[in-house]
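# Analysis of the macromolecular model
Residues per chain are reported as follows:
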Amino acid sequence: MKKRLRKKYHLGEFKVHCFDFTFKYKGELFSPEEEQFYDDFIMNCIEGNGLNCGGGSSADGTWEFTAHSVDKTRSIEAQREAVKQWLEAREDVQFESYSELKDAWYDY
């Protein structure tokens with residue numbers, strides 16, 4: 001397959017890896033503390049590790065996200081481990097799960 005088509009269809013060297021993770025916020029929901037946690041999570045855990053993510057929280061405090069790398073110079077496996085360590089280090093978070101790496105375009 002030509003390089004142009006591999007790029008268009010995100011195949012080969014253009015494959016995008018992602019991972020899912022779930023956690024529960026143990027603090028008071030809809031509070032200034034939760035808002036501060038969310039800001040820290042985005043700035044330090046996600047953007048600080050060169051990731052983008054999509055997802056959100058439910059009314060019971062469970063947060064579900066899918067993250068993928070925007071920093072092609074870093075290993076996605078190392079970024080995945082950094083997210084896990086950041087969440088496990090927080091006392092206001094109950095870390096629930098995270099998935100193995102998968103293809104962001106074709107593994108859903």
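Whatever comes next refers back to the structure up there.
Residues numbered from 1 in each chain as written. Predicted model: local features only at pLDDT ≥ 70, side-chain atom pairs only at ≥ 80, totals over all residues. Heavy atoms only, no water.

Here we take up the pattern of salt bridges. Per the counting criterion, the structure on display carries six salt bridges. Among the salt bridges present, the one from E13 reaches R6, with a minimum N-O distance of 2.9 Å. It is possible to trace a salt-bridge network through shared partners that takes in D40, R90 and D92. (Salt bridge = Lys/Arg side-chain N within 4 Å of Asp/Glu carboxyl O.)

The subject of this paragraph is helix α3 (residues 76-89). Taking 1.5 Å per residue as the helical rise, α3 with its 14 residues ought to reach 20 Å, and the 20 Å between its terminal C-alpha atoms agrees with that figure. Every buried residue of α3 is accounted for by I76, Q79, R80, V83, W86 and L87. In a view along the axis of α3, the buried residues occupy a sector of 125°, so they form one face of it. The inward-facing, buried residues of α3 abut β1 (17-25), α2 (32-46), β2 (51-57), β3 (62-69) and β4 (93-98). Its side-chain oxygen 3.2 Å from the backbone nitrogen of E77, S75 forms the N-cap of α3. (Helix = DSSP H or I, 4+ residues; strand = E, 2+ residues; numbered from the N terminus. Expected span 1.5 Å × (residues − 1). Buried < 20%, exposed > 50% of the residue type's maximum accessible area, 1.4 Å probe, protein only. Arc of directions from axis to C-beta. Contact = heavy atoms within 4.5 Å. Polar contact = N/O pair within 3.5 Å; in protein donor to acceptor, adjacent residues only side chain to side chain.)

Further remarks concern the packing of aromatic side chains. What the rule picks out here adds up to 18 aromatic pairs. Their ring planes at 10° and their centres at 6.3 Å tell us that F21 and F23 sit as a pair that is stacked. Neither residue differs from the other here; F21 and F23 are each classed as buried. Put simply, the rings of F19, F21, F23, Y25, F37, Y38, F41, W63, F65 and W86 pair up and form one aromatic cluster. (Phe/Tyr/Trp six-rings, centres within 6.5 Å; stacked < 30°, edge-to-face > 60°.)

Before going further, it helps to examine the environment of D103. Along the polypeptide, D103 turns up in strand β5 (residues 102-103). Polar side-chain contacts of D103 include one of 2.8 Å to the backbone nitrogen of W105. Engagement of the side chain of D103 in a polar contact is seen with the backbone nitrogen of Y106, the distance being 3.3 Å.

So, about α2. Over its 15 residues, α2 extends 20 Å from the first C-alpha to the last, a length consistent with the 21 Å expected when each residue adds 1.5 Å. Those residues of α2 lying buried are E34, F37, F41, I42, C45 and I46. Lining the buried residues of α2 we find β1, β2, β3, α3 and β4.

Right, let's get into the side chain of R80. Within the element layout of this structure, R80 appears in helix α3. There is a polar contact of 2.6 Å between the side chain of R80 and the side chain of E77.

Tracing the backbone through its elements, the reader meets T73 in the loop between β3 and α3. Along the backbone, T73 and G50 are 23 residues apart, and their C-alpha atoms lie at a distance of 9.5 Å.

This paragraph deals with the pairing of β2. Alignment of β2 against β3, held across seven bridges, turns out to be antiparallel. Among the inter-strand pairings, G55 is bridged to a residue of β3, identified as F65. Two successive antiparallel strands, β2 and β3, enclose a turn made up of four residues, where G61 displays a positive phi of approximately 95°. (Pairing = 2+ DSSP bridges.)

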